[in-house]
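Each chain, written out:
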Amino acid sequence: MRYHTPSSFEDASAIAAAATGVTRFLAGGTDVLVQLRSDLVTPDDLIDIKHIAGVKDIARHSDGSWRIGAAVSGAELAEHEALIAEWPGVVEALELIGSTQIQARCTLVGNLCNGSPAADSVPAMIAAGATASVVGPEGTRELPVEDVPTGPGMTSLGPGEVVSAVNLPPRGECGGDAYLRFIPRTEMDIAVVGAGVSLSREGDTIIAARVALGAVAPTVVLVEEAGAALVGSTLDDTALAALAGAAEAACRPISDKRGTVEFRTQVAGVLARRAAKIAYDRAGA
Amino acid sequence: MIHVSTTVNGDAHELLCDPRETLLDALRDRLELTGAKEGCGTGDCGACTVLLDERPVCSCLVLAAEAEGQEVRTVEGIADGEDLHPLQRKFIEHAALQCGICTPGILVAAKALLERNPDPSETEVRYWLAGNLCRCTGYDKIIRAVLDAASEMREAT
Ligand SMILES: Cc1cc2nc3c(=O)[nH]c(=O)nc-3n(C[C@H](O)[C@H](O)[C@H](O)COP(=O)(O)OP(=O)(O)OC[C@H]3O[C@@H](n4cnc5c(N)ncnc54)[C@H](O)[C@@H]3O)c2cc1C
Ligand code: FES
Ligand code: FES
């Protein structure tokens, strides 16, 4: 295994593009190292992105949008009060990952690019309308987070493509987001279902909403019908029932030791409703 | 082999490491700092907890090469010579250990908590230490020892 420490994303991309064997990027390593140590994936080239300038930066632009560097850890995100004030759902989703020790290392980008359908921060990012900045052999592009995962452990990133940052849109007036997951214990477990909701209000009326679900399909999914069910409503019981129905209809889960198809489907509706209520209250606060 | 310059408990070290070598293995096998233990090797148990740039991490999930230019702190650096840290004394007083495999990691993690929050609630201590598993004590004594150490440290300042 060759260990690389490029000082720019262009160099990181060039190393990956030239590599012929198994290649991994190293952000916090909480997936890469586990896979390495259990002999699941032994990279021929491991490209550590943490020596690149700016990877630990959290920046708010003048239009209110945010750029979160690829190596910002859960612990660092959770200490950023201005970001928490605007995007509490994204922050709480990353904060759910693992323990104190894992928090010191895990990143949004690693969670996304590992490609797990149960990745906790991904539904929150998708609900938020986040994008990933990608640097590749053909230059840079920005793609919606929901277009990154393509299946368990798989992404749409091409050879030599590396994510440099996650971008969040301007929160605007009266917006709120939330993420909830169901696990059988209170800490340190993989989501049986995860639900992220982000919405904006004008007075009591919801004017925009996005809903994303985790662990109920081969990838985290954006459920457009669920968001549409909320728009124009005041989150009354009819809207909540329509939301839950749309969330359940989007579920294509598997049955495993963590939950059956029926259980996951029902919980998806329940969590979508609860997350929507939290997001709604936050938007009004 | 990769050349790594790092600081461990305040001392500068130069190491030659295999690229796949973990920080845990480098500490134990190259520096003979055997306080950090390997329980699971997959980030679940916390027995390997050390501080990397002030934050508790699972050293089994950090490459030795990643410690380049960083400050590492281990359980060996907690006592001041022969003087035990209040946390260490309270762990003995409360019998908060049996086999002791989990203890170095818990001490490192707990000390990091008290430096951030000198007056944590029981719930805060339990959540902070949720990634430190103990197969022997049932946790109550550990939590009591941490809370007692915190209160003694508050009185001392
Ligand atoms: C004990 C434990 C508990 C966990 N609990 C949870 C949990 O509750 N919820 C959850 O969702 N996950 C959990 N995880 C999984 C893991 O912590 C998360 O997926 C984490 O966010 C991964 O981030 P990382 O920075 O450590 O990624 P890494 O391990 O550094 O990378 C992960 C993947 O992303 C790729 N990658 C990294 N950076 C880039 C980049 N810049 N561009 C392109 N690709 C990149 C790597 O090649 C690799 O395939 C847990 C892991 C452990 C060990
Ligand atoms: S040995 Fe590192 S967490 Fe268990
Ligand atoms: S004392 Fe044995 S594992 Fe904690």
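About the thresholds
- Residues numbered from 1 in each chain as written.
- Chains lettered and ligands numbered in written order.
- Predicted model: local features only at pLDDT ≥ 70, side-chain atom pairs only at ≥ 80, totals over all residues.
- Heavy atoms only, no water.
- Helix = DSSP H or I, 4+ residues; strand = E, 2+ residues; numbered from the N terminus.
- Buried < 20%, exposed > 50% of the residue type's maximum accessible area, 1.4 Å probe, protein only.
- Contact = heavy atoms within 4.5 Å.
- Areas by Shrake-Rupley, 256 points an atom, 1.4 Å probe, with all protein chains shown as cover.
- Axes fitted to C-alpha atoms, helices over the stretch in contact; angles between N-to-C directions.
- Parallel < 35°, antiparallel > 145°, perpendicular 65-115°, else oblique.
- Left-handed = near helix turned anticlockwise from the far one by under 90°.
- Nonpolar A, V, L, I, M, F, W, Y, C, P; charged D, E, K, R; others polar.
- Pairing = 2+ DSSP bridges.
- Near = heavy atom within 4 Å.
- Polar contact = N/O pair within 3.5 Å; in protein donor to acceptor, adjacent residues only side chain to side chain.
- Core = buried A, V, L, I, M, F, W, Y, C linked by side-chain atoms within 4.5 Å.
- Buried area = accessible area lost by both parts, 1.4 Å probe.
- Salt bridge = Lys/Arg side-chain N within 4 Å of Asp/Glu carboxyl O.

K.L.:
Please clarify how the overall build of chain A should be interpreted in this entry.
P.N.:
Scanning chain A for helices and strands turns up eleven helices and 14 strands. Classification of the 285 residues of chain A by burial places 55% in the buried group. Restricting the contact set of chain A to residue pairs at least 6 apart, pairs at least 24 apart contribute 58%. Summing over all exposed atoms, chain A offers an accessible surface of approximately 11400 Å²; the carbon and sulfur share of this is 51%.

K.L.:
Would you mind going over the packing of helix 2 (residues 86-93) of chain B against helix 5 (residues 140-156) of chain B with me for this structure?
P.N.:
Residue and element names in this part refer to chain B. In contact at an axis separation of 8 Å, helix 2 and helix 5 are set at 135° when each is read in the N-to-C sense. Between helix 2 and helix 5, the interaxial angle falls into the category oblique. The element helix 2 and its partner helix 5 pack so that their crossing is right-handed. For the pair formed by helix 2 and helix 5, the contact residues are Pro-86, Leu-87, Arg-89, Lys-90, Phe-91 and Glu-93 on the first element and Ile-142, Ala-145, Val-146, Asp-148, Ala-149, Glu-152 and Met-153 on the second. Across the contact of helix 2 with helix 5, the residue classes break down as eight nonpolar, no polar and five charged.

K.L.:
Looking at this model, I keep getting lost on the pairing of strand 7 (residues 139-144) of chain A. Mind explaining?
P.N.:
In regular strands, side chains alternate between the two faces of the sheet. All names here are of chain A. For strand 6 (residues 131-136) and strand 7, the ladder comprises six bridges, and the chain directions are antiparallel. When the bridges of strand 7 are listed, Val-135 appears paired with Thr-140. Where strand 6 hands over to strand 7, the hairpin turn is made up of two residues, counted between the paired strands.

K.L.:
How do you make sense of the sheet that holds strand 2 (residues 11-17) of chain B when you look at a structure like this?
P.N.:
Residue and element names in this part refer to chain B. With mixed pairing, the five strands of this open sheet are ordered in space as 2-1-5-3-4. Unpaired on one side and paired on the other, strand 2 and strand 4 (55-58) mark the two borders of the sheet. Ignoring strand direction, the axes of neighbouring strands in this sheet form an average angle of 40°. Pairing between strand 3 (residues 49-52) and strand 5 (residues 71-73): two bridges, direction antiparallel. Bridge assignment links Leu-51 to a residue of strand 5, and that residue is Arg-73. Running at roughly 105° to strand 2, helix 1 (residues 23-30) makes contact with strand 1 (2-8), strand 2, strand 3 and strand 5 of the sheet.

K.L.:
In this structure, what is going on with unusual backbone geometry? I would like to understand it.
P.N.:
What is expected of a backbone is that most residues other than glycine have negative phi and most peptide bonds are trans. For Leu-235 of chain A, which is not glycine, the phi dihedral falls at a positive 60°. Here Leu-235 of chain A lies in the loop between helix 9 (224-230) and helix 10 (237-249). For Ala-95 of chain B, which is not glycine, the phi torsion reads 50° and is therefore positive. The topology assignment puts Ala-95 of chain B in the loop between helix 2 and helix 3 (103-116).

K.L.:
What am I meant to see in the site of ligand 1 here?
P.N.:
All names here are of chain A. Within the structure, ligand 1 sits among 35 residues, and Gly-28, Thr-30, Asp-31, Thr-107 and Asp-120 are positioned closest to it. Ala-27 places a polar main-chain atom, nitrogen or oxygen, 2.8 Å from an oxygen atom of ligand 1. A distance of 2.6 Å separates a nitrogen atom of ligand 1 from a polar side-chain atom of Asp-120. For ligand 1, whose accessible area on its own is 990 Å², the fraction buried by protein is 92%. At the level of secondary structure, the elements contributing two or more residues to the shell around ligand 1 comprise strand 2 (23-26), helix 2 (32-37), helix 7 (108-113) and strand 10 (162-168).

K.L.:
What's the story with the nonpolar core in this structure? I'm lost.
P.N.:
Side chains of nonpolar character tend, in soluble globular proteins, to be buried together. Residues and elements named next belong to chain A. Ranked by internal contacts, the top residues of the largest apolar core, which has 80 residues, are Met-125 and Leu-168. With five residues, helix 8 (residues 121-128) is the single largest residue contributor to this core. Each residue touching Leu-168, except ones within four places of it in the same chain, is listed here: Ser-65, Trp-66, Ile-68, Leu-83, Trp-87, Val-90, Ala-128 and Ala-130. Counting 29 residues, the second largest nonpolar core, distinct from the first, contains Ala-178, Leu-199, Ala-226 and Ala-276.

K.L.:
What should I look at first to understand the sheet that holds strand 3 (residues 45-48) of chain A in this one?
P.N.:
As a general point, the strands of a sheet are linked pairwise by backbone hydrogen bonds and lie either parallel or antiparallel. Residues and elements named next belong to chain A. If you trace the three strands from one edge of the open sheet to the other, you get 1-3-2, paired in parallel fashion. A strand with exactly one partner marks an edge of an open sheet, and here the two such strands are strand 1 (2-4) and strand 2. On average, each strand axis in the sheet is inclined to that of its neighbour by 20°, with strand direction left out of account. As paired elements, strand 2 and strand 3 share four bridges and run parallel to each other. Considered in strand 3, the bridge of Leu-26 is made with Asp-48.

K.L.:
Can you help me understand the pairing of strand 5 (residues 66-69) of chain A in this one?
P.N.:
All names here are of chain A. In this structure, strand 4 (residues 58-60) lies alongside strand 5, joined through three bridges in antiparallel fashion. Of the residues in strand 5, the one forming a bridge with Ala-59 is Arg-67. Joining the antiparallel neighbours strand 4 and strand 5 is a turn of five residues, in which Gly-64 adopts a positive phi near 95°. Bridge analysis of strand 5 against strand 10 gives four bridges, and the strand direction is antiparallel. In the strand pairing of strand 10, Arg-67 is matched with Asn-167.

K.L.:
Honestly, the interface of chain A and chain B in this entry has me stumped. Any pointers?
P.N.:
It is common to give the size of an interface as the accessible area lost on bringing the parts into contact. Facing 27 residues of chain A, the contacting portion of chain B comprises 28 residues. When the buried surface of chain A facing chain B is broken down by residue, Arg-37, Thr-100 and Gln-101 of chain A rank first, second and third, together holding 30% of it. On the surface where chain A and chain B come into contact, there are four salt bridges. With a shortest N-O distance of 3.0 Å, Glu-66 of chain B and Arg-105 of chain A are connected by a salt bridge. Inspection of the chain A/chain B interface yields nine residue pairs in polar contact (both at pLDDT 80 or more). Going through the elements one at a time, helix 2, strand 3, helix 3 (74-78) and helix 6 (100-103) of chain A are the ones with two or more residues in the side of chain A that touches chain B. Top element by residues in the side of chain A that touches chain B is helix 2 of chain A. It accounts for four residues.

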